Amino acid sequence: MDREQLRSRIEEDLGGIVAGEVLCNAESLSLYATDASLCEVWPLAVVRPRTTEDVAATVSWAAERQIPVHPRGAGSSLAGGSLGSGVVIDCGRFFRRILQTSGDGVRVQTGVIAAQLEEHLARGTRSLGVDPSNGCVTTVGGMIGKNSSGSRFLRHGAMSGRIESARVVLADGAIVDLVPTAPVSPGQFDPQQADDSQPAVATPAAGGADKLVQLATGVADVLASSRELILASQPTTRATHGGYQLHDLIRILDRDGLVDLPRLLCGAEGTLGIVTEATLRTVPVEAHTAVGLFLFDSLDRAAEAAVRLRPLSPDACDLFDKRHLTLARSAKPAFDQLIPPIADAGLLVEFTAADEQAATARFDEAARRLQGPRALCIDVRRAEGAAEKAVLWELSRSVVATLHGVRGTVRPVPFVEDVVVPPEAIPDFLRRLQEVLKQCDVTAMLFAHAAQGQLHIRPYADPRDPAERLRLERLANAIYGEVTAVGGTIGGEQGLGLTRTPFFAAHFPELAGLFAAVKRVFDPDGVLNPGVVTGLSPAQVAWRPPLADQHVEPSSAPLPVLTWTAEQFADEVDACNGCGTCRSQSPGSRMCPMYRENPAEETSPRAKANLMASLLSARLDPAALGQDAVRAIADTCFNCHQCRADCSAGVDIPAIVTELKAAHVEINSLDLHSWLLSRVDSLSGLGGAVAPLANRAIANPQSRWLIEKVLGVARGRKLPRFTGQQVMRWATRRGLTRPSRRSGPRVLYFLDTFARRHDPLLVKALVAVLEHNGIGVFIDPRQVSAGMPLVAAGDVAGARRLASTNLRVLAEAVRLGYRIICTEPSAVTCIVHDYPRLLEDDEMDRVVAATSDAATFLWDLHREGRLSLDFQPLSGPSQPATRILYHAPCHARIGRDKSPAEHLLRLVPGLTLDSADRGCSGMAGTFGLSRHNYRTSLRVGLGLVSAMRSGGIEAGATECSGCRIQMEQGTSKPTVHPVKLLAKSYGLLAGPGPDRLDSLLTGRSGPLTTS
Ligand SMILES: Cc1cc2nc3c(=O)[nH]c(=O)nc-3n(C[C@H](O)[C@H](O)[C@H](O)COP(=O)(O)OP(=O)(O)OC[C@H]3O[C@@H](n4cnc5c(N)ncnc54)[C@H](O)[C@@H]3O)c2cc1C
């Protein structure tokens, strides 16, 4: 049976018995072919189980046919641990429940994200303690698989110290609850009998004890047979080791007489069983820490300092090399201030204690040792307070992200990655490492958890160049040789995966033999993640193929259609390293609102880069560009640009998505509803021409039903009233439609559709505010709508026509010395980001540089001391301050200042401003208008809408018209553009009644709802 036939069989067989999802289409498989490593392996199928029984059914089906299975969490491994050619089991999609919390433990499903678990535990002042730097992405299952740890390993250890028990699907599909188990002597155990009595879930109480005893006895036999070898090759003094943690098992067996089977899963990388639930021990949250950054004039001195600090038992001791410090300095102004350019290395050190004084005293002692006689460091930056500690820790947390920021074909690659050496051997090892790098003519970045002897080494190389592969393999062999020479090991917190297993076997053949023996106890037929931890030669490991060289011009649609060359486009796609940070669930970032709503791999931003990479390398038939499966994946992006802003490599995912959508449109054209919605600007124009009629229509349930059927606009969506052609008539009367005659600063106000058709008061407010500040205003009547809905729909030709008209108008104004400002952030994004991708024009750069949103423009005026500050209170003397909920729209956040409108509103007296901080509104332009997306849009924006409903909030404020519509959905409270509040506070908006916000709003066009 070939792979296609097998796929049909899988769909038929597993599709019927698995409650979760079974994916066999090429587009979906392409998303699971990579992780954060250099490898690419296409799976046969992907199963996204909803229950442990789903996993069991999949494994037993696969085992019967000798098809391998590969568990996967977030797919953020740097060594290819979750990739394979069999059935990938995505435990990160549905296994997301925290099941039970006790005083010192927690029971979770293994798809739970570490950061979410920490957030949950923090409510009870507990923590998992284990702190991988990518905790906002990594799953508990992946952390168990890799035996993850972090900077605070010295205090909290790795996952192996946390796991108490685990529900596991074994290689034959049996479900067992693994607990530490006493082995029996050889001959006392009959494996056949154990298998026959296997219940559905083989808990010890339910009679699964036999299975546990069988496994424990098998493992104990291996331990007994090679005790000396294990103790010599995996000394307990070392941080953690690639592969099975056998040394730990011997220690526990000696102490308790039990084989700690759950612990054995940590570092097993899914090769012994698939964990669906785990009980983990938790620790109290540390209250008092002292943190500082020691700076050195050489890496050697920093390494020596780490050795000198070891007797003080620091809780964390991270070492950075010069390259890392330089990158950090250029990435963040805070680091630029913190780290002087003369520093060649740094050590981030943390001490914890029961009280503040004790923590400080521990740090003082460290400083004394490094600064006193025979001083090693040149300076120390000590953190005062939580905010400064967070800044220092950011240096460590962003290490990998900073490396990902290095663009170009030659960049630091995750091939050698982490090795562990005895901590006292670090200075010696670093000298050896420099020698190897020199011999191999390679530069590398270095980061180390120094006090635990763990080093991350990233050589610079072109990962897609086949010739580089040999060079990297030679380099890896040479480095691992030195690691072995100083008594170290390969693979610490990041495991062996596909890329390092062969090297491990070559450098530690005896230990690798033992691993194979343990593997046989659990999985004699090699069903579970074969090639990881045991087996495989380097030649069998598949590397991601080059994109640009093998670029295939798809026959069915031109690609790329935007202004980049094929090579530039391939480079952009290639810049995604698969780290998965775009799967972040961290409340501290806005990364991908769609992924938060639907945490499936295809929704993540990296999926779009992976899909495009598969198309460009022709692994995926270019004809797929016309398929609905590709369009469905592309449509999970609604163009909010948060991924582009927060991606460590700055990958332009929105533009990649535009390419995907454009190709689909080229082949299939837009469907009627998408076509109509993408022309919302023209529709609004039509509505405005017959405003009274249109307003009656959007207020009438019957006509809303019809509008939904014909235009696809959700009937439950509140829509803004039309105001006819008032704005341009008013602007003409005011003489604004001719170039301003004022001397001094002048702006061209680029009107968006919403302001023009629905909110004339906003236009008047901005003009009044600008003129109040002595700025001349010009509203060029030749401008047309920006075209964002067309870009979002993939109608590049349509968007290009609008862009071309606008560019002529805007370029002319810029030549005359105007700045371009808009009150709609999406219009700014369209001009600044999309126009250069749509058109090649000599004047583009100047137009882009001259364009900003109104709030940024006004905030810049304030910073230059030129903004008039004669604001009047928005509430009367006897009235309480007006309480407003401010929401920063996604498109405004990607500008230079994250929240200029909020800063401006804080200048207004008599206004209490609450920052919403609830993520994306979910409206995303026309996305939330569509009846297909209406509910998704509401779910994404639920946090914001709920915040609007909360007591005390009188109104909302935001610059984005879409967000504004969403904020008014489900509440009668109005939402206004911040510029209107400024105008009101300047006393520029005449309104009847008392000086309250209500009077301000009399001029606004209230949204209507019908059903
Ligand atoms: C930017 C970045 C920073 C990182 N920082 C750290 C760090 O500080 N510390 C650290 O330890 N690692 C770090 N890593 C490496 C990696 O992210 C972690 O090892 C992480 O724990 C992997 O989790 P995951 O959910 O992505 O798992 P995956 O990559 O999907 O899987 C990891 C391994 O576990 C297995 N596995 C997954 N789920 C299960 C399951 N349910 N049952 C059994 N086996 C399973 C897989 O088969 C695979 O072998 C970093 C990686 C990146 C890209």
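Residues numbered from 1 in each chain as written. Predicted model: local features only at pLDDT ≥ 70, side-chain atom pairs only at ≥ 80, totals over all residues. Heavy atoms only, no water.

## Some points on the site of the ligand
Quick note on the threshold: Distances are taken per atom, and a residue is near a molecule or strand as soon as one of its heavy atoms is within 4 Å of it. Here a polar contact means two N or O atoms within 3.5 Å. Within protein one must be a hydrogen donor candidate and the other an acceptor candidate, and residues neighboring in sequence count only if both atoms are side-chain atoms. We count a stretch as a helix when DSSP gives it H or I for four or more residues in a row; a strand needs E for two or more, and each element gets its number in order from the N terminus.
In the vicinity of the ligand lie 35 residues, with Pro71, Gly73, Ser76, Ser77 and Thr139 positioned nearest. Within the backbone of Glu269, a nitrogen or oxygen atom sits 3.3 Å from an oxygen atom of the ligand. A distance of 2.8 Å separates a nitrogen atom of the ligand from a polar atom in the backbone of Val275. Within the residue set of the shell around the ligand, elements represented by two or more residues are strand 3 (69-72), helix 5 (140-146) and strand 11 (274-281).

## With respect to the confidence of the model for the protein
To keep things clear, this is the line we draw: The predictor's confidence in any single residue is recorded as pLDDT, a number from 0 to 100. Contacts are assigned to residue pairs that have any heavy atoms within 4.5 Å of one another.
Looking at the protein as a whole, the pLDDT averages 90, with 94% of positions reaching at least 70. Across residues 194-199 the pLDDT falls below 50, and counting only partners more than four positions away or on other chains, this stretch makes 14 contacts in the model. The model gives residues 992-996 a pLDDT under 50, and that stretch makes 16 contacts with residues more than four places away or in other chains.

## Side note on the sheet that holds strand 24 (residues 819-822)
Operational definition: Here, strands pair whenever DSSP counts at least two bridges between them. Only the contacting stretch of a helix is used when fitting its axis, a line to C-alpha atoms as for every element, and angles between N-to-C directions run 0 to 180 degrees.
Taken in spatial order, the four strands of this open sheet run 23-22-24-25, and their pairing is parallel. Both outer strands of the open sheet, strand 23 (776-778) and strand 25 (851-853), are each paired with one neighbouring strand and no more. For this sheet, the mean angle separating the axes of adjacent strands, direction not counted, is 35 degrees. For strand 24 and strand 25, the ladder comprises three bridges, and the chain directions are parallel.

## Comments concerning the side chain of His641
For the record, the criterion: Each residue is placed in one exposure class: buried if its accessible area under a 1.4 Å probe, protein chains only, is under 20% of its type's maximum, exposed if it is over 50%, and partly exposed if it falls in between.
Topologically, His641 is positioned in the loop between helix 25 (628-634) and helix 26 (642-646). Judged by relative accessible area, His641 falls into the buried class, the value being 1%. Side chain to side chain, His641 and Asn639 meet in a polar contact 3.2 Å long. Within the structure, His641 has its side chain in polar contact with the side chain of Arg644 (distance 3.0 Å). In this structure His641 touches Pro654, Thr829, His833, His891 and Ile894, once residues within four positions along its chain are discounted.

## Observations concerning the pairing of strand 26 (residues 882-886)
Both faces of the sheet carry side chains from a regular strand, because those side chains alternate between them. Across the five residues of strand 26, four count as buried, placing the element largely inside the fold. Across five bridges, strand 26 lies against strand 27 (residues 911-915) in parallel orientation. Looking at strand 27, one finds that Thr882 is bridged to Leu911.

## Here we look at the packing of aromatic side chains
Applicable threshold: Any pair of Phe, Tyr and Trp rings, taking the six-membered ring for Trp, is counted once the centres come within 6.5 Å. Such a pair is stacked with planes under 30 degrees apart, edge-to-face with planes over 60 apart, and tilted for the rest. Any Lys NZ or Arg CZ that is within 6 Å of a ring centre and within 35 degrees of that ring's normal is treated as a charge sitting over the ring.
Counted under the stated rule, the structure contains 13 aromatic pairs. Taking the centre distance of 6.2 Å and the plane angle of 85 degrees together, the rings of Phe351 and Phe363 count as edge-to-face. In this pair, Phe351 sits in strand 15 (residues 345-353) while Phe363 sits in helix 15 (residues 356-371), placing the two residues twelve residues apart along the sequence. Taken individually, Phe351 and Phe363 each receive the classification buried, so the pair is uniform in this respect. Within the aromatic cluster, the residues linked to one another by ring pairs are Tyr244, Phe504, Phe508 and Phe515. Taking NZ or CZ as reference, Arg50 lies 3.9 Å from the ring centre of Phe94, over its face. Sitting over the face of the ring of Tyr818, Arg746 holds its NZ or CZ atom 4.6 Å from the ring centroid.

## As for unusual backbone geometry
For Glu269, which is not glycine, the phi torsion reads 50 degrees and is therefore positive. With respect to the helices and strands, the residue Glu269 is situated in the loop between helix 11 (261-264) and strand 11. You will see that Glu417, though not glycine, has its phi angle at about 50 degrees, which is positive. In this structure, Glu417 sits in strand 18 (residues 417-420). In this structure Glu417 comes out as buried when scored by relative accessible area, which is 3%.

## Examining the sheet that holds strand 26
Across a sheet, strands are paired by hydrogen bonds formed along the backbone, either parallel or antiparallel in direction. The strand order across the open sheet built from four strands is 27-26-28-29, with neighbouring strands paired in parallel fashion. Every other strand in the sheet has two partners, leaving strand 27 and strand 29 (975-976) as the edge strands with one partner each. The sheet contact formed by strand 26 and strand 28 (residues 955-957) spans three bridges and is parallel. Bridged to Tyr886 within strand 28 is Ala957.

## Focus: the environment of Val518
Tracing the chain through its elements places Val518 in helix 21 (residues 509-522). Looking at Val518, the relative accessible area reads 0%, which means it is buried. The spatial distance from the C-alpha of Val518 to the C-alpha of Pro422 is 26 Å, given a sequence separation of 96 residues. When residues no more than four places from it in sequence are discounted, the contact partners of Val518 are Val222, Tyr244, Leu246, Leu264 and Leu272.

## A few points about the environment of Asp870
Looking at the secondary structure, you find Asp870 in the loop between helix 39 (854-863) and strand 26. Considered as a pair, Asp870 and Val710 are 160 residues apart in the sequence and their alpha carbons are 50 Å apart. The residues touching Asp870, leaving out its near neighbours within four places in the chain, are His772, Ser985 and Tyr986. Only 3.0 Å separates the side chain of Asp870 from the side chain of His772, close enough to count as a polar contact.

## Some details on the pattern of salt bridges
Short version of the rule: Should a side-chain nitrogen of Lys or Arg be within 4 Å of a carboxyl oxygen of Asp or Glu, the pair is scored as a salt bridge.
Taken as a whole, this structure holds 53 salt bridges when the rule is applied. With its nearest N and O atoms 2.6 Å apart, the salt bridge here joins Asp759 to Arg964. With Asp759 in the loop between helix 33 (753-757) and helix 34 (760-772) and Arg964 in helix 44 (residues 961-968), this residue pair connects regions lying 205 residues apart in the sequence. Arg964 matches Asp759 in its accessibility class, with the two residues each being buried. Residues Arg846 and Glu843 are paired through a salt bridge, measuring 3.3 Å at the closest nitrogen-oxygen approach. On the basis of relative accessibility, which here comes to 44%, the residue Arg846 falls in the partly exposed class. Several salt bridges converge on common partners, so that one network encompasses Asp131, Arg152, Glu350 and Arg397.

## Details of helix 22 (residues 566-574)
Within the span of helix 22, buried status applies to Phe569, Ala570, Glu572, Val573 and Asp574. Contacts made by the buried residues of helix 22 are with strand 17 (411-412), helix 24 (605-616) and helix 27 (653-668).

## Looking at helix 18 (residues 426-439)
Structurally, the α-helix is built with 3.6 residues per turn, so residues lying three or four positions apart point the same way. Applicable threshold: Every helix has an expected span of 1.5 Å times one less than the residues it contains.
If you check helix 18, its first and last C-alpha atoms are 20 Å apart, about what 14 residues at 1.5 Å a residue would give, namely 20 Å. Every buried residue belonging to helix 18 is among Ile426, Pro427, Phe429, Leu430, Leu433, Val436 and Leu437, and all of these are buried. At its buried positions, helix 18 is contacted by helix 12 (299-309), strand 18, strand 19 (444-449), strand 20 (454-461) and helix 19 (466-485). Remark: Asp441 follows helix 18 within two positions and exhibits a positive phi of approximately 55 degrees.

## Quick notes on the packing of helix 19 against helix 20 (residues 497-507)
The line we're drawing: In these notes the angle categories are as follows: under 35 degrees is roughly parallel, over 145 is roughly antiparallel, 65 to 115 is roughly perpendicular, and the rest is oblique. Put simply, a crossing is left-handed when the front helix is turned counterclockwise from the back one by less than a right angle, and right-handed when it is turned clockwise.
The interhelical angle for the contact between helix 19 and helix 20, taken along N-to-C directions, is 45 degrees, at an axis separation of 11 Å. When the axes of helix 19 and helix 20 are compared, the pair comes out oblique. Between helix 19 and helix 20 lies a crossing of right-handed hand. Across the interface between the two elements, Glu473, Ala476, Asn477, Tyr480, Gly481 and Thr484 from helix 19 touch Arg500, Phe503 and His507 from helix 20.

## With respect to the pairing of strand 6 (residues 105-109)
The buried fraction of strand 6 amounts to five of the five residues, a majority that puts the element mostly inside the structure. Judged by which residues are buried, strand 6 turns out to be covered on both faces: Gly105, Arg107 and Gln109 on one side and Val106 and Val108 on the other are all buried. With four bridges connecting them, strand 5 (residues 98-102) and strand 6 associate as antiparallel partners. Pairing of Thr101 across the sheet is with Val106, part of strand 6. Hairpin connection of strand 5 to strand 6: two residues between the antiparallel strands. Relative to strand 11, strand 6 runs antiparallel, the two being bridged by five bridges. Paired with Val108 across the strands is Ala278, a residue of strand 11.

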